[in-house]
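Inside the fold
For reference, the chains in residue letters:
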Amino acid sequence: MKSVVLIAGLFGLVLAQFPNGRILEPPVPALCSQRIIHERTPDGKGYFFSWRDPALKDVQEDWLGGRNYCRQRCMDLVSLETSAENEWIKKRIVDEKVKYIWTSGRLCDFKGCDRADLQPLPINGWFWTAILQKLAPTTQRDQNDWSENGGIGKPQPDNREAQQGGASENCIAILNQFYNDGVNWHDVACHHRKPFVCEENEDLLKYVRYTNPNLRV
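Heads up: these notes are all about the structure in this document. (Residues numbered from 1 in each chain as written. Predicted model: local features only at pLDDT ≥ 70, side-chain atom pairs only at ≥ 80, totals over all residues. Heavy atoms only, no water.)

1. A closer look at the overall build of the protein chain
- From N to C terminus, the protein chain includes 7 helices and 10 strands.
- Here the protein chain has a C-alpha radius of gyration of 17 Å; the compact-globule value for 217 residues is 17 Å, and the two agree.
- Expressed as a percentage of contacts within the protein chain between residues at least 6 apart in sequence, the contacts between residues at least 24 apart total 67%.
- Surface accessibility of the protein chain: about 10,500 Å² in total, with carbon and sulfur atoms responsible for 52%.
- A distance of 3 Å separates the average location of the 27 positive side-chain charges in the protein chain from that of its 28 negative side-chain charges. (Helix = DSSP H or I, 4+ residues; strand = E, 2+ residues; numbered from the N terminus. Rg over C-alpha atoms; globule rule 2.2 N^0.38 Å. Contact = heavy atoms within 4.5 Å. Areas by Shrake-Rupley, 256 points an atom, 1.4 Å probe, with all protein chains shown as cover. Lys, Arg positive; Asp, Glu negative; His and termini not counted. Charge placed at Lys NZ, Arg CZ, Asp CG, Glu CD.)

2. A closer look at the state of the cysteines
- Counting across every chain of the model gives 4 disulfides.
- Two residues, Cys32 and Cys74, share a disulfide whose sulfurs are 2.1 Å apart. Between Cys32 and Cys74 the disulfide shows an S-S torsion of about 85°. By sign, it is right-handed. Taken together, the residues Cys32 in helix H2 (residues 29–33) and Cys74 in the loop between helix H3 (63–71) and strand S4 (75–77) connect sequence positions 42 residues apart. Of the two residues, Cys32 and Cys74, both sit in the buried class.
- Between Cys171 and Cys190 runs a disulfide, and the two sulfur atoms are separated by 2.0 Å. Taking the torsion about the sulfur-sulfur bond, which here is approximately 100°, the covalent link between Cys171 and Cys190 counts as right-handed. Taken as a pair, Cys171 in strand S8 (residues 171–176) and Cys190 in the loop between strand S9 (183–188) and strand S10 (197–200) lie far apart in primary sequence, 19 residues in all. Of the two residues examined, Cys171 and Cys190, each falls in the buried class.
- When the cysteines of the protein chain that form disulfides are numbered from the N-terminus onward, they connect as 1-3, 2-8, 4-5, 6-7. (Disulfide = S-S within 2.5 Å. Buried < 20%, exposed > 50% of the residue type's maximum accessible area, 1.4 Å probe, protein only.)

3. Considering the pairing of strand S5 (residues 100–107)
- With 8 of 8 residues buried, S5 lies mostly within the body of the structure.
- Of the two faces of S5, the one lined by Tyr100, Trp102, Ser104 and Arg106 and the one lined by Ile101, Thr103, Gly105 and Leu107 are each fully buried.
- One ladder, built from 3 bridges, connects S5 with strand S6 (residues 126–128); its direction is antiparallel. Counted as the bridge partner of Leu107 is Trp126 from S6. (Pairing = 2+ DSSP bridges.)

Okay, structure coming up:
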């Protein structure tokens with residue numbers, strides 16, 4: 001599994017306003033300095049698991065809400081850049097009996113997503129928003145962890161909810177045996193509420209350290 005092709009020029013698009021006037025929140029220096037790290041991987045990157053925090057144990061957020069909680073703390077929703085990281089996260093979901101979580105994955109559905117290299121969007125338009133990396137095409141099944149099953153018995157992503165008259169399934173969640181299909185990626189409508197995993201974001205940390213040189217972050 002790998003993320004391919006750094007998406008250039010999408011930063012401004014990702015910062016665009018969301019429905020109902022919501023925005024992608026900037027980091028809050030004081031919260032960054034007090035961020036909680038539940039575990040670190042051998043490379044030193046820190047992770048926060050929402051269900052482990054007593055204040056969030058029974059709290060679930062929609063995709064943007066999860067991102068904003070993380071970003072305010074110099075983190076972002078987890079991006080599963082390697083098979084090792086993917087399996088590391090999945091093990092914790094299974095061991096701790098978590099039904100599902102949000103990741104930073106999203107289908108490019110902003111102004112500017114009509115670029116030729118992203119077409120067709122359902123195959124080539126998925127990316128990790130936290131690091132602006134494009135995912136391998138969904139047809140390259142050995143380069144991703146999309147489930148082979150879903151609510152209508154089709155391989156993921158299938159945009160099931162939109163097919164049934166609901167919202168488009170533009171965000172990536174990991175589901176834990178939700179359809180008796182293993183622990184894999186699913187496309188899910190972004191308004192659904194789920195637990196989430198935050199991952200330290202080096203760009204946000206660097207920005208806050210630069211703009212707040214006397215703050216220990």
